Amino acid sequence: MATTNSLPSTLMNFEPQEFSPIRWNNGALELLDQRLLPHQIHWISYQDAPSVAHAITDMVVRGAPAIGITAAYGVALSAMAHRGTLSSEDLTPIMADITLLSNSRPTAINLMWALDRMKLCLLKAVAKHTAIDAIVTALIEEAISIHQQDIHFCHSIGDHGADLLSPNSTVYTHCNAGALATGGHGTALGVIRSAFTQDKISQVFAGETRPWLQGARLTSWELQQAGIPVRLVTEGAAGHTLKHNSVDWLIVGADRIAADGSVANKVGTYNLAILARHHNCKVMVAAPSSTFDLTIHQGDDIPIEQRADQEVTHYQDIPIAPEGVSALNPSFDVTPADLIDAIVTERGVIERPNREKIAAHFDS
Ligand SMILES: CSC[C@H]1O[C@H](OP(=O)(O)O)[C@H](O)[C@@H]1O
């Protein structure tokens, strides 16, 4: 790795004051390996963009905002690694790494949003500077800014979402849209964390979320660590849980929100939204503005990641289905806007979202 001694030392480290699954430490990206949670806390250090792209694909880090932040640091690592060969006239090595990072997972639009921000930063830096170290410095600053801004936005989302909850609310959440899926604090779990500090949470039900078990492994761990009462629910028990418990809100995150208000989120969210409507449980989607893709006209046009059959037929390489059985493994599904009571962003709340209200939310 290229030496960092000529880069500003103040930019070689960034670790948020609150828990984050991402650290920038001595000019290297450190990721908490979420595949090993909740039983192992293990950080992996990355110094190059290709290995960061693999970390995203392999779910070392996951969650739409966290993926975007990670990719942004990947671009900074690319610039640092290529410092010796880069010239402001030839950015090919960095652009190649940006393409690699953009192909790491297809659904979470925050990945492409963050990479677009880094590309714009690069082009502005090249126009302004010829010294490579100045360009590298600008990219590191931008990656840290994206990380810091996400945490700030998650707290704003938390506050706006908590305002919608009544005291002693019972909430159901799916997958993990917590600090582990963001720069810190979380989106759906950010709402729950903020509401809990206001004594508005009496119970959280967490869906286990096959096949990666983000709910069982990550959300229940995060909420337990925060002292928030959480009970784990199998996918199949969701209907029974909503029928026999007075659940006030289903609160989830998002990976991409289309212009018509359709929401792509972890597979199973669509099922839950239908069940919630049947059981008079309101549905809240919590996501930063960077999760909206207004170029996508309708939800069915959102690209849905199809992951390997083996993730369904095996658990940690132990076969749970007969050998040779194939599987369908969509990582996300799409919930139509008419099943959603509120989309909460850092800007505020879009109640009963539709195309016009979403456009107005971003015009304000
Ligand atoms: C705060 S967005 C988190 C979002 O990402 C998760 O998917 P994955 O764990 O596959 O990255 C899930 O859809 C969450 O809602």
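All values reported here derive from a predicted model rather than from experimental measurement. (Residues numbered from 1 in each chain as written. Predicted model: local features only at pLDDT ≥ 70, side-chain atom pairs only at ≥ 80, totals over all residues. Heavy atoms only, no water.)

Caption draft 1: Fine view of the sheet that holds strand E3 (residues 28-32). In spatial order, the strands read E1-E2-E3-E4; together these four strands make up an open sheet with antiparallel pairing. Pairing within the sheet leaves two strands with one partner each, and these edge strands are strand E1 (13-14) and strand E4 (43-46). By the bridge criterion, two bridges tie E1 to strand E2 (residues 22-25) in an arrangement that is antiparallel. Paired with Asn13 across the two strands is Asn25, which belongs to E2. (Pairing = 2+ DSSP bridges. Helix = DSSP H or I, 4+ residues; strand = E, 2+ residues; numbered from the N terminus.)

Caption draft 2: Layout of the UniProt feature "binding site: substrate" (unreviewed entry) in the protein chain. Within the UniProt annotation, "binding site: substrate" (unreviewed entry) is assigned to Arg62, Gly63, Ala64, Arg105, Gln214, Asn265 and Lys266. Relative to the elements of secondary structure, Gln214 occurs in helix H7 (residues 214-225). Take Gln214: its relative accessible area is 3%, and that puts it in the buried class. Not counting residues within four places of it along the chain, the set of residues in contact with Gln214 comprises Met59, Arg62, Cys175, Asn176, Glu208, Thr209, Thr219 and Lys266. Its place among the elements puts Lys266 in strand E10 (residues 263-266). Filtering out sequence-adjacent residues up to four positions away, Lys266 remains in contact with Arg105, His174, Cys175, Thr209, Gln214, Asp255, Ser331, Phe332 and Asp333. (UniProt positions renumbered as here; feature names shortened; annotations may be inferred. Buried < 20%, exposed > 50% of the residue type's maximum accessible area, 1.4 Å probe, protein only. Contact = heavy atoms within 4.5 Å.)

Caption draft 3: The arrangement of the site of the ligand in detail. Around the ligand sit 19 residues in total, of which Gly63, Arg105, Asp255, Asn265 and Lys266 are the nearest. Between the ligand and the protein, one listed contact pairs an oxygen atom with a side-chain N or O atom of Arg62 at 2.9 Å. The side chain of Lys266 places a nitrogen or oxygen atom 2.7 Å from an oxygen atom of the ligand. Surface burial for the ligand is 100%, taken as the share of its 410 Å² of free accessible area covered by protein chains. Taken together, the elements giving at least two residues each to the shell around the ligand come down to helix H2 (64-81) and E10. (Near = heavy atom within 4 Å. Polar contact = N/O pair within 3.5 Å; in protein donor to acceptor, adjacent residues only side chain to side chain. Areas by Shrake-Rupley, 256 points an atom, 1.4 Å probe, with all protein chains shown as cover.)

Caption draft 4: Fine view of the environment of Ala177. Position of Ala177 among the secondary structure elements: in the loop between strand E5 (169-174) and helix H6 (188-197). Along the chain, Ala177 and Asp333 lie 156 residues apart, while their C-alpha atoms are 15 Å from each other. When neighbours within four sequence positions are excluded, Ala177 is seen to be in contact with Gly186, Thr187, Ala188, Leu189, Gly190, Thr219 and Gly253.

Caption draft 5: Summary view of the UniProt feature "active site" (unreviewed entry) in the protein chain. UniProt annotation of "active site" (unreviewed entry) refers to Asp255 when read in the numbering used here. Inspection of the secondary structure assignment puts Asp255 in the loop between strand E8 (249-252) and strand E9 (256-258). For Asp255, a relative accessible area of 8% corresponds to the buried category. Among all residues touching Asp255, those that are not within four sequence positions of it are Ala64, Thr107, Ala108, Ile109, Asn110, Ala264, Asn265, Lys266, Thr291 and Phe332.

Caption draft 6: Highlighting the side chain of Thr187. For Thr187, the location among the structural elements is in the loop between E5 and H6. What Thr187 contacts, discounting residues up to four positions off in sequence, is Cys154, Ile157, Ala177, Thr182, Gly253, Ala286, Ala287 and Pro288.

Caption draft 7: The arrangement of unusual backbone geometry in detail. Of the consecutive residues Leu37 and Pro38, the connecting peptide bond is found in the cis state with omega at 10 degrees. For Pro38, the location among the structural elements is in the loop between E3 and E4. With an omega of -5 degrees, the peptide bond between Arg210 and Pro211 qualifies as cis. With respect to the secondary-structure elements, Pro211 resides in the loop between strand E6 (201-207) and H7. The backbone phi angle of Cys175 is positive, close to 65 degrees, even though this residue is not glycine. Structurally, the position occupied by Cys175 is in the loop between E5 and H6. For Cys175, a relative accessible area of 7% gives the class buried. Phi at Gln316 is positive, roughly 50 degrees, even though this residue is not glycine. Along the polypeptide, Gln316 turns up in the loop between strand E13 (314-315) and strand E14 (318-319).

Caption draft 8: Spotlight on the state of the cysteines. Throughout the structure, instances matching the rule amount to zero disulfides. For the unlinked cysteine Cys154, the closest cysteine sulfur is that of Cys175, found at 15 Å. (Disulfide = S-S within 2.5 Å.)

Caption draft 9: Highlighting the nonpolar core. Trp24, Leu29, Tyr73, Leu139 and Ile140 are the most contacted members of the largest nonpolar core, which has 53 residues in total. Here this core takes 12 residues from H2, the largest share from any one element. Here Trp24 is in contact with Leu11, Met12, Asn13, Phe14, Leu29, Tyr73, Ala76, Leu77, Met80, Ile140 and Ile144, once residues within four sequence places are set aside. Core analysis: the second largest hydrophobic core is formed by 22 residues, Phe205, Ala238, Leu250 and Ala287 among them. (Core = buried A, V, L, I, M, F, W, Y, C linked by side-chain atoms within 4.5 Å.)

Caption draft 10: Structural context of helix H3 (residues 92-102). Along H3, the residues that are buried comprise Ile94, Asp97, Ile98 and Leu101. For H3, the angular spread of buried residues about the axis comes to 105 degrees, placing them on one side. (Arc of directions from axis to C-beta.)

Caption draft 11: Quick look at the pattern of salt bridges. Inspection of the entire model under this criterion finds 11 salt bridges. One salt bridge in this structure joins Asp293 and Arg256, with 2.8 Å as the shortest N-O distance. With Asp293 in strand E12 (residues 292-293) and Arg256 in strand E9, the pair connects residues that are 37 residues apart, well separated along the chain. There is no split in this pair, since Asp293 and Arg256 are both buried. What emerges from the salt-bridge pattern is a single network uniting Arg105, Glu305, Arg307 and Glu311. (Salt bridge = Lys/Arg side-chain N within 4 Å of Asp/Glu carboxyl O.)

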